[in-house]
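# Summary of structural features
The residues making up each chain are set out below.
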Amino acid sequence: CGVCGTDLHIFSGAKGATDCNPPVILGHEFSGIVEKVGSQVTRVQPGQRVTIDPNISCGACDHCRNGQPHFCDAMAATGVNYNGGFAEYCKVLERQLFVVPDHVPFEVAAMCEPVACCLHGIDLCGIKAGDTVMIIGGGTIGMIMLQLAQLSGACRIVMLEPNKSRFELARKLGADLVIDPFSENVSALLHEHGMGNIRVVIECVGAPESVKSAIEYAGKAATVMIFGLTGPDDSIPYQPFEAFKKELTIKTSFVNPNTQGRARDIITSGKLNIIDLISDYVKLDHIGDAFKPGPRNGKFIVIP
């Protein structure tokens, strides 16, 4: 089970995608083996390896009936409202399960949920073949977005990331230019490398300052995707005139509507490098280590 930024927010008392009313066992990025099935289950059987879409929509409200299940009036989630992947056993609905082949490691299968969320964001970005894309933030989500942008047709990708230890990985995964925005002149380097016309900016940090940078570096008629999860009470320093001059489209992305299956298929195909994004494996008995404050260099995975 992966440790998500939402888990950290909820653990600290903040709000997640849905309201969490403790006590509940967290963990919504997870995979496992089916232990037992109910009498009406037909699509999976004991012993199969599966990954889980944690979100549960009602299917009956106006949002669900109009193809927007992520806005469901009664939205709930495994690992937020019901005991999730940090439990030894977890009960889920059959429709939440996606079977994964035996060759896919459990820690990779667990990453289907964050990849599914990223896929929804990428879809909203509308990247076209030949576009120049900027990724702000080289954490796990930023590295996934980098790879998905390539698969979507981006021909040049620049990443803004102050942590030098992530530069090599970003280049390995396909970044054409990696810039430390704290110590280098971003605008000058973009001009020097012929990347002045950024068509899509994907903000993956979740900080007001990085959102401001996304608007600043976006080119004319660009799309700015504010993907990073800010704190619930954060506000953004926004100058409408800057967006007006460039006719920007500013978008946000919420969870993973109908993208979990695609995420499973992309991961199964081997077209995403997931293993290199995992930095730490934490035994369930020491799960508290995964929630200690401080910088993270990659993805924490909790294992039995």
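Described below are features of the structure shown in this document. (Residues numbered from 1 in each chain as written. Predicted model: local features only at pLDDT ≥ 70, side-chain atom pairs only at ≥ 80, totals over all residues. Heavy atoms only, no water.)

This paragraph deals with the nonpolar core. Membership of the largest hydrophobic core comes to 41 residues, with the highest contact counts inside it found for Val133 and Ile202. Looking at this core, the elements with two or more residues in it are helix H3 (106–109), helix H4 (112–125), strand E6 (132–136), helix H5 (140–151), strand E7 (156–160), helix H6 (167–172), strand E9 (200–203) and helix H10 (260–269). No other element matches the 8 residues that H4 contributes to this core. Setting aside its immediate chain neighbours within four residues, Val133 contacts Ile127, Ala149, Ala154, Arg156, Ile157, Val158, Ile198, Val200 and Ile202. (Core = buried A, V, L, I, M, F, W, Y, C linked by side-chain atoms within 4.5 Å. Buried < 20%, exposed > 50% of the residue type's maximum accessible area, 1.4 Å probe, protein only. Helix = DSSP H or I, 4+ residues; strand = E, 2+ residues; numbered from the N terminus. Contact = heavy atoms within 4.5 Å.)

Inspection of every chain in the model, using the stated rule, returns 4 aromatic pairs. Where Phe71 meets Phe254, the ring centres are 6.1 Å apart and the plane angle is 5°; that geometry is what we call stacked. Here Phe71, found in the loop between helix H2 (62–65) and strand E4 (76–77), pairs with Phe254, found in the loop between strand E11 (249–252) and H10; they are 183 residues apart in sequence, far enough to count as distant. With 5.7 Å between their ring centres and 35° between their planes, Phe241 and Phe244 make a pair best called tilted. Of this pair, Phe241 and Phe244 both sit in helix H9 (residues 240–246), 3 residues apart, which is roughly one turn of the helix. Residue Phe244 is classed as exposed on the basis of its relative accessible area of 61%. Aromatic rings pair up to connect Phe11, Phe86 and Phe291 into one cluster. (Phe/Tyr/Trp six-rings, centres within 6.5 Å; stacked < 30°, edge-to-face > 60°.)

Turning our eyes to something else, we now look at the layout of surface pockets. Of the volumes computed, that of the second largest pocket is approximately 1,000 Å³. The set of elements that each furnish at least two residues to the lining of the second largest pocket consists of strand E1 (31–33), strand E2 (49–52), H3 and strand E13 (299–303). Among the residues forming the lining of the second largest pocket, the class breakdown is 23 nonpolar, 5 polar and 6 charged. (1 Å grid on protein atoms, 1.4 Å probe; cavity = no way out; pocket = protein on both sides within 12 Å on 5 of 7 lines; lining within 4 Å. Points joined across faces, edges and corners; volume = space filled by probe spheres on them. Nonpolar A, V, L, I, M, F, W, Y, C, P; charged D, E, K, R; others polar.)

A word on the pairing of E2. Side chains Arg49 and Thr51 project from E2 onto one buried face, and the interleaved Val50 and Ile52 project onto a second face that is buried too. Two elements, E1 and E2, share 3 bridges in a ladder whose sense is antiparallel. What sits directly across from Gly32, in E2, is Val50. As paired strands, E2 and strand E5 (residues 97–99) are joined by 3 bridges and run antiparallel to one another. Along E5, the bridge assignment pairs Thr51 with Phe98. (Pairing = 2+ DSSP bridges.)

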